[in-house]
Amino acid sequence: MPRYALKVEYQGAPFAGWQRQKAQPSVQGAIEAALARLEPGPHTIAAAGRTDAGVHALGQVAHCDLQKDWDPFRLSEALNYHLKPAPVAIVAAARVADDWHARFSAVERQYLFRLLTRRAPATHDRGQVWQVPHRLNVEAMQAGADMLLGRHDFTTFRSTICQAASPVKTLDELRVEEVAGFCGPEIRFHVRARSFLHNQVRSFVGTLERVGAGAWTPQDVRAALTARNRAACGPVCPPQGLYLARVGYPDDPFPAV
């Protein structure tokens, strides 16, 4: 059975997350239903990461096994036709080795978080950003973010329902920048690691927002990290500003995308 990698983009708002649900819409369920329109099922696809309800993706990666030897471009076009009108798109498809795995072959995951800082309600960006009504100190947030870089026990920034075997992870990048967004000043968090704990990025951003607002100091972030206690974490921010931006592999199946 030929195996195909799929690069997937989606808006998370209508879905209960990536993972297939019995009674709720999911991104996985939408793609598997589209695959069933191409070949008799059932179909089960695997993804690089399971995003939560409301979380978006620019570069989620999944793989599927099919009976037919599809041209990758025609496969992506056919899936996109059957995915309409769901806000899910197959940006690219590629034939991969039979032992290639979207999750286990990945060596890096990158997330983007968008935070809009303005008082007026978001209109065009509603559901795509987390909005706060006050300006934030980017330099202070970056100083707090620097406390988190490297290999640590991230118990403080881990959901109580996280199923990872260990809270120890290596954070390779946590970069904070302010940009002139389409709808106003926007803070963007660029986060990169091999893998993440459940709610880790949202816990980082919610805590760093408190630093930017002046309620915490950068040293408070270090103290929260070393506490290794979930109760020491700052607020966990909402999901709508979070995007799975990219998944890295030793050999990129989508080099031209």
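Residues numbered from 1 in each chain as written. Predicted model: local features only at pLDDT ≥ 70, side-chain atom pairs only at ≥ 80, totals over all residues. Heavy atoms only, no water.

### Remarks on the pairing of strand E9 (residues 184–193)
- Summarising burial for E9: 7 of the 10 residues are buried, a large majority.
- Alignment of strand E5 (residues 108–117) against E9, held across 8 bridges, turns out to be antiparallel. In the sheet register, Arg114 faces E9, and the bridge partner there is Arg188.
- Bridging between strand E8 (residues 168–181) and E9 involves 10 bridges; their strand directions are antiparallel. Residue pairing in the sheet places Val179 in a bridge with Glu186 of E9. (Buried < 20%, exposed > 50% of the residue type's maximum accessible area, 1.4 Å probe, protein only. Helix = DSSP H or I, 4+ residues; strand = E, 2+ residues; numbered from the N terminus. Pairing = 2+ DSSP bridges.)

### Topic: the state of the cysteines
- This structure, assessed with the given rule, holds 0 disulfides.
- No disulfide involves Cys183; its sulfur sits 19 Å from that of Cys237, the nearest cysteine. (Disulfide = S-S within 2.5 Å.)

### What to know about the packing of aromatic side chains
- For the structure shown, the criterion picks out 7 aromatic pairs.
- Here the aromatic residues Phe113, Trp130 and Phe189 are joined through ring pairs into a cluster of three or more.
- Seen from the ring of Tyr4, Arg95 lies directly overhead, with NZ or CZ sitting 5.9 Å from the centre. (Phe/Tyr/Trp six-rings, centres within 6.5 Å; stacked < 30°, edge-to-face > 60°. Lys NZ or Arg CZ within 6 Å of the ring centre and 35° of its normal.)

### Here's the deal with the nonpolar core
- With 75 residues, the main nonpolar core has Leu6, Ile31, Leu115, Leu148, Leu171 and Phe189 as its most contacted residues.
- Sorting elements by how many residues they give to this core places strand E4 (residues 88–96) first, with 6 residues.
- For Phe189, the residues in contact, after removing those within four places along its chain, are Tyr111, Leu112, Phe113, Leu115, Met141, Arg175, Val176, Val205 and Leu208. (Core = buried A, V, L, I, M, F, W, Y, C linked by side-chain atoms within 4.5 Å. Contact = heavy atoms within 4.5 Å.)

### Here's the deal with helix H1 (residues 27–38)
- In a regular helix each residue adds 1.5 Å, so 12 residues correspond to 16 Å; H1 covers 17 Å between its end C-alpha atoms and thus fits that length.
- Within the sequence span of H1, burial applies to Val27, Gln28, Ala30, Ile31, Glu32, Ala34 and Leu35.
- Residues of H1 that are buried make contact with strand E1 (3–10), strand E3 (56–65), helix H2 (72–83) and E4. (Expected span 1.5 Å × (residues − 1).)

### With respect to the pattern of salt bridges
- On inspection of all chains with the given rule, the structure shows 14 salt bridges.
- The closest approach of N and O atoms between Arg246 and Glu108, which form a salt bridge, is 3.3 Å. With Arg246 in strand E10 (residues 242–248) and Glu108 in strand E5, this residue pair connects regions lying 138 residues apart in the sequence.
- For Arg246, a relative accessible area of 35% corresponds to the partly exposed category.
- For Glu108, a relative accessible area of 18% gives the class buried.
- In this structure, Arg114 and Asp125 form a salt bridge, with 3.2 Å as the shortest nitrogen-oxygen distance. Within this pair, whereas Arg114 is found in strand E5, its partner Asp125 is found in the loop between E5 and strand E6 (130–132), the two being separated by 11 residues in sequence. The two residues Arg114 and Asp125 agree in class, both being buried. (Salt bridge = Lys/Arg side-chain N within 4 Å of Asp/Glu carboxyl O.)

### Here we look at unusual backbone geometry
- At the junction of Gly41 and Pro42, the peptide bond is cis and its omega measures out at 5 degrees in the coordinates.
- Following the sequence through the fold, Pro42 ends up in the loop between H1 and strand E2 (46–47).
- The peptide bond linking Lys84 to Pro85 adopts the cis configuration, its omega dihedral lying at 5 degrees.
- On the secondary structure map, Pro85 appears in the loop between H2 and E4.
- Residue Asn199 is not a glycine yet carries a positive backbone phi of 70 degrees.
- Looking at the secondary structure, you find Asn199 in the loop between E9 and helix H4 (200–212).

### Re the pairing of E1
- The buried count for E1 comes to 7 of 8 residues, which makes it a mostly enclosed element.
- Relative to E3, E1 runs antiparallel, the two sharing 7 bridges. When the sheet's bridge partners are listed, Leu6 is paired in E3 with Ala62.
- Note that E1 and E4 share 8 bridges and pair antiparallel. Within E4, the position partnered with Leu6 by the bridge is Ala93.

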